[in-house]
Amino acid sequence: MIINLNKNDIESMKYAANEVAKIIKSGGVVISPTDTVYGMLANAFNPDAVQRIYEIKGREKDKPLLILLESENDIKLFSDMPIPEIVKKNIPGELTFIMPLSANLKYNFEFLKSTVAIRIPKDDYMKLILKKTPPIVAPSANLSGEGIIYEGDKIAEIFKDKVDLIVNAGLIEKKLPSTLYDSINKKILRQGEVYLKE
């Protein structure tokens, strides 16, 4: 199924967010704009849905997936480490931060090793989705090793028979990826949209 999204129209956002949440909660895979680029979304706690994303993307199993959370309160679901101040000051937003995965979770998530990469979106549309869903995995919606796809029509053409829902918002803005910060070793791994301030 393909639905259109106008991110300048609250009713359009609410409708799309509802449809996305329904599919994610039922164990499906969705392609939708996120706070950065088009992402491939699924329930992080559903191993079958996560496995489907690896298969659709042709992604190697040893490459972990990013997790999107609704709020910083959800971080404790994945990590026992307190959130560093430098991260706290810059979330929500386009900052992806790496935290140590709680020891008792290491066997629950095949797609994670000893760390977890987390982002808490500030984007209104993503917040509508995350209010209604469990934490979601959200790698970019492209084939592994290929470039980022910014056109919704092109995404629909490639993936229409592979996922359960595509939310087409047309051509999305080309911008820097999220900044990637390693909270364990206290260093920036990729400079992106957010400039970290102590």
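Here the structure is shown first, and the text comes after it.
Residues numbered from 1 in each chain as written. Predicted model: local features only at pLDDT ≥ 70, side-chain atom pairs only at ≥ 80, totals over all residues. Heavy atoms only, no water.

The number of helices and strands found in the chain is five helices and ten strands. A globule of 198 residues ought to have a C-alpha radius of gyration of about 16 Å, and the chain, at 16 Å, matches this closely. Dimensions of the chain along its principal axes, counting C-alpha atoms only, are 40 × 35 × 30 Å. Expressed as a percentage of its 198 residues, the buried residues of the chain come to 52%. Entry remark: accessible area of the chain is about 9800 Å², with carbon and sulfur atoms responsible for 49%. (Helix = DSSP H or I, 4+ residues; strand = E, 2+ residues; numbered from the N terminus. Rg over C-alpha atoms; globule rule 2.2 N^0.38 Å. Buried < 20%, exposed > 50% of the residue type's maximum accessible area, 1.4 Å probe, protein only. Areas by Shrake-Rupley, 256 points an atom, 1.4 Å probe, with all protein chains shown as cover.)

Residues I31, I67, F97, F111 and V137 are the most contacted members of the largest nonpolar core, which totals 45 residues. Only β3 (38-43), α2 (47-57), α3 (85-88), β5 (95-100), β6 (115-119) and α5 (152-159) provide two or more residues apiece to this core. Considering each element in turn, this core owes the most residues, five residues, to α2. L5, I24, L130 and A138 belong to the second largest nonpolar core, which has 20 residues in total. (Core = buried A, V, L, I, M, F, W, Y, C linked by side-chain atoms within 4.5 Å.)

For the rest of this paragraph, the subject is the packing of aromatic side chains. In this description, a pair of aromatic rings is defined by centroid distance and the angle of the planes. Per the counting criterion, the structure on display carries one aromatic pair. Above the plane of the ring of Y54 lies K61, whose end atom (NZ or CZ) is 5.4 Å from the centre. (Phe/Tyr/Trp six-rings, centres within 6.5 Å; stacked < 30°, edge-to-face > 60°. Lys NZ or Arg CZ within 6 Å of the ring centre and 35° of its normal.)

Moving on: the sheet that holds strand β9 (residues 179-182). An order of β1-β8-β2-β3-β7-β4-β6-β5-β9-β10 is seen for the ten strands of this open sheet, with the pairing classed as mixed. Taken across any chain shown, the strands that pair with only one partner, and hence form the sheet edges, are β1 (2-4) and β10 (187-190). Where helix α1 (residues 10-25) meets the sheet, it contacts β1, β2 (30-33), β3, β7 (136-137) and β8 (165-168), and its direction lies at approximately 160° from that of β8. (Pairing = 2+ DSSP bridges. Contact = heavy atoms within 4.5 Å. Axes fitted to C-alpha atoms, helices over the stretch in contact; angles between N-to-C directions.)

Attention now goes to the side chain of K57. Considering the arrangement of structural elements, one finds K57 in helix α2. Notably, K57 is buried but unbridged: the nearest opposite-charge side chain belongs to E146, and the N-O separation is 11 Å. Among the polar contacts made by the side chain of K57, one reaches the main-chain carbonyl oxygen of S140 at a distance of 2.6 Å. With residues up to four places along the chain from it excluded, the contact list for K57 reads M40, P139, S140, N142, L143 and S144. (Lys, Arg positive; Asp, Glu negative; His and termini not counted. Salt bridge = Lys/Arg side-chain N within 4 Å of Asp/Glu carboxyl O. Polar contact = N/O pair within 3.5 Å; in protein donor to acceptor, adjacent residues only side chain to side chain.)

With that settled, the discussion passes to the layout of surface pockets. Put simply, the largest pocket is a space of about 740 Å³. Along its surface, the largest pocket is lined by 33 residues, and R59, L66, P139, S140 and R190 are the ones closest to its centre. Of all the secondary structure elements, the ones that give two or more residues to the lining of the largest pocket are β3, β5 and β6. Per element, the largest residue contribution to the lining of the largest pocket is four residues, and it comes from β6. (1 Å grid on protein atoms, 1.4 Å probe; cavity = no way out; pocket = protein on both sides within 12 Å on 5 of 7 lines; lining within 4 Å. Points joined across faces, edges and corners; volume = space filled by probe spheres on them.)

A separate point is the pairing of β3. Buried residues dominate β3, accounting for six of its six residues. Here four bridges tie β2 to β3, and the two strands are oriented antiparallel to one another. By the bridge assignment, V30 is partnered in β3 with L41. What sits between the antiparallel neighbours β2 and β3 is a turn of four residues.

Let's shift gears to the side chain of E94. Examined against the element boundaries, E94 turns out to sit in the loop between α3 and β5. Within the local environment of E94, its side chain forms a polar contact with the side chain of K175, the two groups lying 3.1 Å apart.

Further remarks concern α5. Within the span of α5, buried status applies to G152, I155, A156 and F159. Axial view of α5: buried residues confined to an arc of 100°, hence all on one face. Projecting away from the buried face of α5 at angles above 90 degrees are the exposed residues D153 and E157. Those residues of α5 that are buried lie in contact with β1, β2, β3, α2 and β8. (Arc of directions from axis to C-beta.)

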